[in-house]
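Coordinates in review
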Amino acid sequence: MDRPNPYEITSYIPGTILEVSVNVGDSVNEGDPLLKLEAMKMQNRIEMPFTARIKEINVKAGDKIPKDFLMILLEAE
């Protein structure tokens, strides 16, 4: 079984992106908010798992995404 890539922030449930709180190139600290995902009428705040830089953002507010969708790609600072 492959271990998940810690630099990939993927959706663990299908839902709708409500808000994206970061931009490409931002340096983000552990615990900082990345985005809000609404699923099953609940708002899920996705937080930064560790300090890194935002390399790529594949979602915007209003997007409906499936489970396991790559939302944000990180890179080491």
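To start, this report covers the structure provided alongside it. (Residues numbered from 1 in each chain as written. Predicted model: local features only at pLDDT ≥ 70, side-chain atom pairs only at ≥ 80, totals over all residues. Heavy atoms only, no water.)

Once that is clear, we can look at the pairing of strand β6 (residues 52–57). Both strand β3 (residues 27–28) and β6 contribute to a ladder of 2 bridges, which runs antiparallel. Bridge pairing in β6 places Ser27 opposite Arg53. (Pairing = 2+ DSSP bridges. Helix = DSSP H or I, 4+ residues; strand = E, 2+ residues; numbered from the N terminus.)

Before going further, it helps to spend a moment on the sheet that holds β3. Pairing is antiparallel across the open sheet formed by 4 strands, whose spatial order is β1-β8-β6-β3. The sheet is open, and its two edges are formed by β1 (8–10) and β3, each paired on a single side.

Of all hydrophobic cores here, the largest spans 18 residues; its most connected members are Leu34, Leu35, Met71 and Ile72. Secondary structure elements with two or more residues in this core: β4 (33–39), β6 and β8 (70–75). For this core, the element with the highest residue contribution is β4, accounting for 4 residues. If sequence neighbours within four positions are ignored, Leu34 has contacts with Ile9, Val20, Ser21, Val22, Val28, Ile46, Glu47, Met48, Ile54 and Ile72. (Core = buried A, V, L, I, M, F, W, Y, C linked by side-chain atoms within 4.5 Å. Buried < 20%, exposed > 50% of the residue type's maximum accessible area, 1.4 Å probe, protein only. Contact = heavy atoms within 4.5 Å.)

Next up on the list: the pairing of strand β5 (residues 42–47). Relative to β5, β4 is paired through 6 bridges, and the arrangement is antiparallel. Paired with Leu37 across the bridge in β5 is Asn44. Between β4 and β5, which pair antiparallel one after the other, the connecting turn spans 2 residues, and Met40 there sits at a positive phi close to 50 degrees.

Overall, the coordinates contain 1 aromatic pair when judged by the stated rule. For the ring pair Tyr7 and Phe50, a centre distance of 5.3 Å and an interplane angle of 80 degrees mean the geometry is edge-to-face. Here Tyr7 is found in the segment before β1, whereas its partner Phe50 is found in the loop between β5 and β6, with 43 residues between them in sequence. A relative accessible area of 30% places Tyr7 in the partly exposed class. (Phe/Tyr/Trp six-rings, centres within 6.5 Å; stacked < 30°, edge-to-face > 60°.)

This paragraph deals with the side chain of Thr16. The residue Thr16 is located in strand β2 (residues 15–20) in this model. With a relative accessible area of 18%, Thr16 lands in the buried category.

On to the sheet that holds strand β7 (residues 64–65), then. Read across the open sheet, the 4 strands follow the order β5-β4-β2-β7; overall the sheet is antiparallel. Each having just a single partner strand, β5 and β7 make up the two edges of the open sheet.

The next thing to look at is unusual backbone geometry. Positive phi is not limited to glycine here, since Met40 has a value of about 50 degrees. With respect to the helices, strands and loops of the structure, Met40 is situated in the loop between β4 and β5. For Lys41, which is not a glycine, the phi torsion comes out positive at approximately 65 degrees. Tracing the chain through its elements places Lys41 in the loop between β4 and β5. Judged by relative accessible area, Lys41 falls into the exposed class, the value being 81%.

In short, the description is geometric, and any link to function would need to be established separately.
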